[in-house]
Amino acid sequence: MELNSSIKPTSTGGNVIRELGWMGTIPREISDAMIDKAILVRFSPGQSLYDPGDPAGGIYGVVEGAVRVRIATSETNSQLIGCFQTGAWIGQAPSINGTSRTMGFTAANNVQALHLPLHVVTALVQQSPGLGAALATLSEWNLNLALQAIAELTIPKVERRIA
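Residues numbered from 1 in each chain as written. Predicted model: local features only at pLDDT ≥ 70, side-chain atom pairs only at ≥ 80, totals over all residues. Heavy atoms only, no water.

**What to know about the pairing of strand β9 (residues 111-116)**
Just so we agree on the cut-off: Three labels apply to residues, based on accessible area from a 1.4 Å probe with only protein chains included: buried if under 20% of the type maximum, exposed if over 50%, partly exposed otherwise in between. Strands here are runs of E lasting at least two residues and helices are runs of H or I lasting at least four, both read from the DSSP assignment and numbered beginning at the N terminus. At least two bridges found by DSSP between two strands are what make those strands a pair.
Burial analysis of β9 places 6 of its 6 residues in the buried class, the great majority of the element. Covered by surrounding structure in β9 are Val 111, Ala 113 and His 115 together with Gln 112, Leu 114 and Leu 116, the residues of both alternating faces. By the bridge criterion, 5 bridges tie strand β2 (residues 39-43) to β9 in an arrangement that is antiparallel. What sits directly across from Ile 39, in β9, is His 115. The pairing of strand β4 (residues 59-64) with β9 spans 5 bridges and is classified as antiparallel.

**A word on helix α4 (residues 118-127)**
Structurally, the α-helix is built with 3.6 residues per turn, so residues lying three or four positions apart point the same way. Basically, it comes down to this: Each direction from the helix axis to a C-beta atom contributes to the arc, which is the arc of those directions.
For α4, the complete set of buried residues consists of Val 120, Val 121 and Leu 124. Along the axis of α4, the buried residues cluster in a sector spanning 100°; they form a single face. Turned more than 90 degrees away from the buried face of α4 sit His 119 and Gln 126, all of them exposed.

**Overview of the pattern of salt bridges**
Quick reminder of the rule: By definition here, a salt bridge exists when the distance from a side-chain nitrogen of Lys or Arg to a carboxyl oxygen of Asp or Glu is within 4 Å.
With the rule as written, the count across this model stands at 3 salt bridges. When the shortest N-O distance is used, the salt bridge between Arg 18 and Asp 32 registers 2.7 Å. Of this pair, Arg 18 sits in helix α1 (residues 12-19) while Asp 32 sits in helix α2 (residues 28-37), placing them 14 residues apart in sequence.

**Here's the deal with the confidence of the model for the protein**
Inclusion rule: Confidence of the predictor in every single residue is expressed as pLDDT, which spans 0 to 100. Contacts between residues were defined by any pair of non-hydrogen atoms, one from each residue, lying within 4.5 Å.
Confidence in the prediction of the protein, expressed as mean pLDDT, is 78, and 75% of residues score 70 or more. Note on residues 5-10: pLDDT under 50 across the span, and 20 contacts to partners over four residues away in sequence or across chains.

Set out below in C-alpha cells:
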C-alpha cells in the first residue's frame, strides 16, 4: 500500500467519490469533513486492503479501480462473493462495533482509495453526530448489496433448493 497526503474536498478524487454511491446521499458538510481527513492510498492488483480476521482499522472509499469481496467461510478459508467499484465505501461495521473483520477486500486492478483510520472515524463521529447516522445508513446500504449478491448466488427454483 502506498500512502499519499490528505486529499482535499476540491481535488478530483474527492469530487468523484463524493458524487457516487453512499457518499452522494449524505450531507455535504459530513462528506467534506471525511474527505478532508482522509488519506489517499494506492493498492496494486492482488494486494489486500484488509483480510478476514484483521482488527478494525477504519473505512475505505474506492476512488478508482475495483476491489474483490471475500467473506470468511471458516478460520482458514474465504469465498469470493463480489466486486465493489468506484464510489463504494467499506469497513464500517468493525469500525462501529470494534470487532475483527469478517470480510476481506483485495485490489482487482490498480486501486486508489480514501482511508479514514479508526481513530479519525471515532473523532469525526464525536464531532459530528450526523456521521454516526450516516455510518448506520452505510451499513444498511452494504447489507442490501450483500443480500443482492446472495440472491444472485441462490438457486432460483425452490424444487432444486430443497432437493
